[in-house]
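Results of the structural survey
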Amino acid sequence: MSEPTERWLAILLFDGVEELDAIGPWEVLAFWTANFPDDGYRVTTFSETGEPVRCAKGLTVVPDRATADLPAVEILLHPGGRGTRPLMRDAAHLEQVKRWRAEVPLMTSVCTGSLVFAAAGLLAGRPATTHHASLDVLGETDPSIEVRRDDRFVDDGDVVTSSGVSAGIDMALHLVARLVSPERARQVRRGIQYDPEPPV
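Below is a summary of the structure that appears in this document.

What counts, and where the lines are drawn
Residues numbered from 1 in each chain as written. Predicted model: local features only at pLDDT ≥ 70, side-chain atom pairs only at ≥ 80, totals over all residues. Heavy atoms only, no water. Helix = DSSP H or I, 4+ residues; strand = E, 2+ residues; numbered from the N terminus. Rg over C-alpha atoms; globule rule 2.2 N^0.38 Å. Buried < 20%, exposed > 50% of the residue type's maximum accessible area, 1.4 Å probe, protein only. Areas by Shrake-Rupley, 256 points an atom, 1.4 Å probe, with all protein chains shown as cover. Lys, Arg positive; Asp, Glu negative; His and termini not counted. Charge placed at Lys NZ, Arg CZ, Asp CG, Glu CD. Pairing = 2+ DSSP bridges. Core = buried A, V, L, I, M, F, W, Y, C linked by side-chain atoms within 4.5 Å. Contact = heavy atoms within 4.5 Å. Axes fitted to C-alpha atoms, helices over the stretch in contact; angles between N-to-C directions. Parallel < 35°, antiparallel > 145°, perpendicular 65-115°, else oblique. Left-handed = near helix turned anticlockwise from the far one by under 90°. Nonpolar A, V, L, I, M, F, W, Y, C, P; charged D, E, K, R; others polar.

Let us look at the overall build of the chain. Looking only at helices and strands, the chain has 7 helices and 11 strands in total. A globule of 200 residues ought to have a C-alpha radius of gyration of about 16 Å, and the chain, at 16 Å, matches this closely. Projected onto the principal axes, the alpha-carbon positions of the chain cover approximately 45 × 40 × 35 Å. With 200 residues in all, the chain has 52% of them scored as buried. Looking at the chain as shown, the accessible area adds up to about 9500 Å², and 50% of this sits on carbon and sulfur atoms. Of note, the chain has its 20 positive side-chain charges centred 1 Å away from the centre of its 30 negative side-chain charges.

Set out below in structure tokens:
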């Protein structure tokens, strides 16, 4: 049983999840929570059943736990990937997302994870973003969404969405800055040596 002071961040895994959507934020959040435990946060991964998932490009990942075994979660991260397309039409998953919305103070998504949020009604009337190739789909899923086409991530208080794949790293660093301080986020960024200078 976890200590009362621990605040949990949980990353959802599912078949067809885009690898970096989940593992990028995991790297940021795990480095942070391991190296600065006095901040009071811990990070975990989970899948519906707790069984391993096969990601979009073939990587197999073993989650820490099943949905039913989650502790009380302060922040939940829903990644994207091709596996989100069936989830958008999965009534049971959408109901689960709505339950999380009612229980979790801060819901976040990476890439096409926001399409699932939109299908579940979480983004109605809100600004949001997603992978550049799915921006139109986001707007079509819920026309009330203010689609932010040029934003790396969109913080709308209790919901944060990010654009595609590597943007989840930026969003996770933003979460560290928001939850603790910009200086802490800079320490994490230096720790994982994240200094984007694309070679092409």
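Now for the pairing of strand 6 (residues 73–78). Each regular strand carries side chains that alternate between the two faces of the sheet. Within strand 6, 5 of the 6 residues are buried, which leaves it mostly tucked inside the rest of the structure. As paired elements, strand 1 (residues 7–12) and strand 6 share 4 bridges and run parallel to each other. In the sheet register, Trp 8 faces strand 6, and the bridge partner there is Val 73. With 4 bridges joining them, strand 6 and strand 7 (residues 106–109) adopt parallel strand pairing. What sits directly across from Leu 76, in strand 7, is Met 107.

On to the side chain of His 93, then. Turning to its location among the elements, His 93 is positioned in helix 3 (residues 91–103). Overall, the relative accessible area of 12% leaves His 93 in the buried class.

Next up on the list: the nonpolar core. Generally speaking, soluble globular proteins have nonpolar side chains that are buried together. Ranked by internal contacts, the top residues of the largest apolar core, which has 54 residues, are Leu 29, Val 97, Trp 100, Met 107 and Leu 123. With 6 residues, the top contributor of residues to this core is helix 6 (residues 167–179). Beyond its immediate chain neighbours, meaning those up to four positions away, Val 97 contacts His 78, Met 107, Val 116, Phe 117, Ala 120 and Leu 122.

Here we take up the environment of Gly 164. Its location among the elements puts Gly 164 in the loop between strand 11 (159–162) and helix 6. For the pair Gly 164 and Ala 30, spaced 134 residues apart in the sequence, the C-alpha separation amounts to 21 Å. Ignoring anything within four residues of it in the chain, the contact list for Gly 164 reads Cys 111, Thr 130 and His 131.

For the pair helix 1 (residues 19–35) and helix 7 (residues 182–191), interaxial distance at closest approach is 10 Å and the crossing angle is 110 degrees. In terms of their interaxial angle, helix 1 and helix 7 are classed as roughly perpendicular. In this structure, helix 1 meets helix 7 at a crossing whose hand is right-handed. Mapping the contact onto sequence places Val 28, Phe 31 and Trp 32 in helix 1 and Arg 184, Gln 187, Val 188 and Gly 191 in helix 7. Residue composition of the contact of helix 1 with helix 7, by class: 4 nonpolar, 2 polar and 1 charged.

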